[in-house]
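Architecture at a glance
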Amino acid sequence: MKDKGRKILYPMVMLGLGLAGGALLGKGVIDVSSHYPGMPFGVLMLLSLAWAYFSMFVQIVIHESGHLIFGLLSGYRFVSFRVFGMMWIREKGQLRRRNYSLAGTGGQCLMDAPDTDPLPVILYNMGGVIMNLLASGCALMLCIIFKGPLFRLMAWTFAAVGIIYALINGIPITTAAVQNDGANTLELLKYPETKEAMRKQLRVNALMSDGMRLKDMPADLFETDSSGYRHSLNVSIGVFRAMRLIDEHRFAEADEQISTLMHLPSLPGVYKMQLEMEHVFLQIMNGNRNSALITESVKEALKAMKGSLSAVRTAYAVQRYILKNPEQAYRYRKHYEQMLADWPYKGEAEEERELMDLISGLEQI
């Protein structure tokens, strides 16, 4: 019932915000067109929509900057900053520009957590929402100060986009892919044990950015407390544990861990897609060539996660060993090599080269 309610609530919220924003934008365009009768209404509407999309991009930058600013104020340390596919990452003390995207997210600011106890979580998690609201408030003030209809439309549109983005991220909602900032904050406040899971998750990401492989990290980073995997943030540690087992080439144990996680209601959709792909890869490694492995959910995962190395690796294995399409497999292998050249996590890239060599060396059955 919880999943069903989530699937209904989120589209309703998005639809309601979209309709309200569209109606107010249309009204604003009508008001502006009355002051500029020589400008075609259609042209003005297109320009307004273009400005709205540009405002979305700027508000995403502002949102992620909010996580960064309030994270630094809370004692966190910068790791990476991403907007869509553009990523800036700290590699051994230096800032590097990389290409990276993650399904279900428009941006992401990752930081390394401080050693303080209890872990400060509110400002870092809600910093993006705070900055969106502050930016929108400034834009609304400009609407009051300046009376020009075109400027007021632009400022109001920018403010409306920021408020909508703040609501989407601030109201606790779990989408089919991820939990938003509000849901994460609520979980952290309601279940104190999740704070340690968040600290470990951020620490693993920080070590990955420095080029360390999962198998070389301290083992305690992949252990959960007595609460197990009841909460989304705890599940992330279980996912990291599965990926660490793969890095150690303990494939049977990794598949067993994946089977444990896949049936958990607390498993976020983005992790579910990742684990579905890895399950197929591990089955192929174990000699399973049954086409029944390629379910509709696996196809959807491969499509949604196509920007990840594991998706391309799995797609290569599927094409070569199950679908018996060497030409398509070769194209995936070539694309895989291109991705490796600019991959932001050097330790993961090293691991992936080993896994690709292993899967490529299997005998055809």
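To start, this report covers the structure provided alongside it. Since this is a predicted model, take the numbers as computed values, not measurements.

Once that is clear, we can look at the environment of Ala-219. Within the secondary structure, Ala-219 sits in the loop between helix H6 (193–209) and helix H7 (232–247). Ala-219 sits in the partly exposed class, given a relative accessible area of 42%. The spatial distance from the C-alpha of Ala-219 to the C-alpha of Arg-244 is 9.5 Å, given a sequence separation of 25 residues.

Let us look at the pattern of salt bridges. Counted according to the given criterion, the structure contains 18 salt bridges. Measuring nitrogen to oxygen at the nearest pair gives 3.4 Å for the salt bridge that ties Arg-98 to Asp-342. With a gap of 244 residues between them, Arg-98 in strand S3 (residues 94–99) and Asp-342 in the loop between helix H12 (326–341) and helix H13 (346–360) connect regions that are remote in the sequence. The class of Arg-98 is buried, set by a relative accessible area of 14%. Across the salt bridge formed by Arg-250 and Glu-253, the nearest N and O atoms sit 2.7 Å from each other.

All told, the structure shown has one cavity of 30 Å³ or more when counted by the stated rule. Taken as a whole, the largest cavity spans an internal volume of roughly 30 Å³. As for the largest cavity, its lining consists of Ser-80, Arg-82, Met-87, Tyr-100, Gln-108, Leu-110 and Tyr-345. Where the lining of the largest cavity is concerned, the elements lending two or more residues are strand S1 (77–83) and strand S4 (107–112). In terms of residue class, the lining of the largest cavity is made up of four nonpolar, two polar and one charged.

Rules behind the numbers
Residues numbered from 1 in each chain as written. Predicted model: local features only at pLDDT ≥ 70, side-chain atom pairs only at ≥ 80, totals over all residues. Heavy atoms only, no water. Helix = DSSP H or I, 4+ residues; strand = E, 2+ residues; numbered from the N terminus. Buried < 20%, exposed > 50% of the residue type's maximum accessible area, 1.4 Å probe, protein only. Salt bridge = Lys/Arg side-chain N within 4 Å of Asp/Glu carboxyl O. 1 Å grid on protein atoms, 1.4 Å probe; cavity = no way out; pocket = protein on both sides within 12 Å on 5 of 7 lines; lining within 4 Å. Points joined across faces, edges and corners; volume = space filled by probe spheres on them. Nonpolar A, V, L, I, M, F, W, Y, C, P; charged D, E, K, R; others polar.

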